[in-house]
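# Topology and contacts: notes
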Amino acid sequence: MTASPSANRDMASSRIFETLKQDLIRGRFAAGEKLAISALKDHYQVGLSPLREALNRLAAYGLLEQVNQRGFRVPAMHIEELDDIAGLRAQLECMALTQAFQAGDSEWESQVLAAQHRLRRADEHPERVEEWEQAHLRFHRALLASCGSHWLLRFIEQLHDQFDRYRRLAPPNPGVREVLDRQHGELVELALSRDIRAARALLDDHIRLSHSVARGCCESPASDDAT
């Protein structure tokens, strides 16, 4: 059975939404850059209608800004915004973590352990940046997955994507990365023992340490804050 034109358009819009979303998070486009729709259409090999639908969705999501109702540009990056995002991440993720610990069952534990294993395997190949990024994202998703609130997870996902715009443009800091990687394993141990208090404190420290590093993208090259 052949898909209808509207179904094909929806599929194309979803595909370009996800592709553009990842490119925006990775920093393919410069902060403040106005996007040329004709160039996007050619680069992503997509029709104008599904492209505009995807751009409007990305603007609603906060990864783009509308200009004069028809154009789009990449949002500027400000350290005050990053500070706000990091603070909200700490609050909401610690809330979700508490609920996940209370509701999590053996299946949740298995998913967390599997996500940790994939992340450790990705750690063995630092040159495969995108593989590590995906494993890292899935680890944090798995840790909070059993919290029971779809809306809470949606807000956290959006904040995580906004945070990553900054983090992925910051200079690398192997020393901090080593600490963050070690904390992933410690979070798993606390999850298995259901030590909510210690896990909340560790997750808060994990986010704030990553935040201090992500600030490097908004500071001068001479700054020591980087990741």
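Residues numbered from 1 in each chain as written. Predicted model: local features only at pLDDT ≥ 70, side-chain atom pairs only at ≥ 80, totals over all residues. Heavy atoms only, no water.

## Some details on the overall build of the protein
Spelled out, the test is: Counting from the N terminus, the helices are the DSSP runs of H or I reaching at least four residues and the strands are the DSSP runs of E reaching at least two. For a compact globule the rule gives 2.2 Å times the number of residues to the power 0.38, and the radius of gyration it is set against comes from C-alpha atoms. Only protein chains enter the accessibility calculation, which uses a 1.4 Å probe; a residue is then buried when its area is under 20% of its type maximum, exposed when over 50%, and partly exposed in between. Residue contacts follow a heavy-atom distance rule, with two residues in contact if any of their heavy atoms lie within 4.5 Å. Areas reported as accessible are Shrake-Rupley estimates using a 1.4 Å probe. Residue values count occlusion only from the protein chains shown. In this charge count, Lys and Arg are treated as positive and Asp and Glu as negative; neither His nor the chain ends contribute. Where a charge sits is defined by one atom per residue type, namely NZ (Lys), CZ (Arg), CG (Asp) or CD (Glu).
Counting its secondary structure elements, the protein contains nine helices and three strands. Ordered by position in the sequence, the α and β elements of the protein form the string α-β-α-α-β-β-α-α-α-α-α-α. Taking 2.2 N^0.38 as the reference for a compact globule, 227 residues should give roughly 17 Å; the C-alpha atoms of the protein span a radius of gyration of 19 Å, in line with that estimate. Seen through its C-alpha atoms, the protein measures out along the principal axes to roughly 55 × 50 × 30 Å. A burial count over the protein gives 44% of its 227 residues as buried. Excluding contacts between residues fewer than 6 apart, the proportion of contacts in the protein whose partners are at least 24 apart in sequence is 75%. A total accessible area of about 12000 Å² is found for the protein, and carbon and sulfur atoms account for 51% of it. A gap of 6 Å separates the mean positions of the 29 positive and 34 negative side-chain charges of the protein.

## Points about the side chain of Ser210
Here Ser210 is to be found in helix H9 (residues 196-214). When residues no more than four places from it in sequence are discounted, the contact partners of Ser210 are Phe163, Arg167 and Leu180.

## Here we look at the sheet that holds strand S1 (residues 34-35)
The strands that make up a sheet pair up through hydrogen bonds in the backbone, lying either parallel or antiparallel. The cut-off we apply is this: For two strands to be treated as a pair, DSSP must find at least two bridges joining them. With axes taken as lines fitted to C-alpha atoms, and helix axes fitted only over the stretch in contact, angles between N-to-C directions fall between 0 and 180 degrees.
Strand order in the open sheet formed by three strands is S1-S3-S2, and the pairing between neighbours is antiparallel. What marks the edges here is a single partner per strand, and that holds for S1 and strand S2 (65-67). Here helix H3 (residues 48-61) sits on the sheet and contacts S1, S2 and strand S3 (71-73); the angle it forms with S3, its principal contact strand, is near 50°.

## Here's the deal with the domain arrangement of the protein
So the rule is basically this: Note that domain bounds follow an automatic or database assignment of domains. Joining two parts hides part of their accessible area as seen by a 1.4 Å probe, and the buried area is that hidden amount summed over both. One speaks of a salt bridge when a side-chain nitrogen belonging to Lys or Arg is within 4 Å of a carboxyl oxygen belonging to Asp or Glu. Residues are grouped as follows: Ala, Val, Leu, Ile, Met, Phe, Trp, Tyr, Cys and Pro are nonpolar; Asp, Glu, Lys and Arg are charged; all remaining types, including Gly, are polar.
By domain assignment, the protein separates into domain 1 (12-73) and domain 2 (79-218). At the junction of the two partners, domain 1 supplies eleven residues and domain 2 supplies ten residues. Buried area between domain 1 and domain 2, summed over both chains or domains, comes out near 890 Å², and the portion from carbon and sulfur atoms is 45%. At the boundary of domain 1 with domain 2, the tally comes to two salt bridges. A salt bridge links Arg26 to Glu130; the nearest nitrogen and oxygen atoms lie 3.1 Å apart. Among the secondary structure elements, those contributing two or more residues to the side of domain 1 that touches domain 2 are helix H1 (5-26) and H3. Of the residues forming the side of domain 1 that touches domain 2, the biggest block, five residues, is contributed by H1. Across the side of domain 1 that touches domain 2, the residue classes tally to six nonpolar, three polar and two charged.

## Concerning the pattern of salt bridges
Opposite charge on two side chains permits them to pair, given that their charged atoms come into close proximity. According to the stated counting rule, one finds 19 salt bridges in the structure shown. Across the salt bridge formed by Arg168 and Glu133, the nearest N and O atoms sit 3.7 Å from each other. Note that Arg168 is positioned in the loop between helix H7 (150-167) and helix H8 (174-193) and Glu133 in helix H6 (residues 129-144), a separation of 35 residues in sequence. Side by side, Arg168 and Glu133 carry an identical accessibility label, which is buried. Salt bridges sharing partners connect three or more residues here, namely Asp23, Arg26, Glu130, Glu133, Asp164, Arg167 and Arg168.

## Overview of the packing of aromatic side chains
The cut-off we apply is this: Ring pairs are drawn from Phe, Tyr and Trp, using the six-membered ring of Trp, whenever the two centres fall within 6.5 Å, and their geometry is named by plane angle: stacked under 30 degrees, edge-to-face over 60, tilted for the rest. Two conditions define a charge sitting above a ring: the NZ of Lys or the CZ of Arg must be within 6 Å of the ring centre, and it must be within 35 degrees of the ring normal.
Under the counting rule described, the total for this entry stands at three aromatic pairs. Relative to Tyr61, the ring of Phe17 has its centre 6.4 Å away and its plane inclined at 80°; by these criteria the two rings are edge-to-face. Here Tyr61 lies in helix H3 and Phe17 lies in helix H1, a separation of 44 residues in the sequence. In terms of burial, Phe17 and Tyr61 fall into one category: buried. A cation over an aromatic ring shows up here: Arg89 above the ring of Phe163, its NZ or CZ 4.7 Å from the ring centre. A cation over an aromatic ring shows up here: Arg177 above the ring of Trp132, its NZ or CZ 3.9 Å from the ring centre.

## Some remarks on the environment of Ala100
Assignment of secondary structure puts Ala100 in helix H4 (residues 79-103). For Ala100, a relative accessible area of 0% gives the class buried. In this structure, the C-alpha to C-alpha distance between Ala100 and Asp123, residues 23 residues apart in sequence, is 25 Å. Among all residues touching Ala100, those that are not within four sequence positions of it are Trp108, Leu143, Leu144, Ser146 and Cys147.

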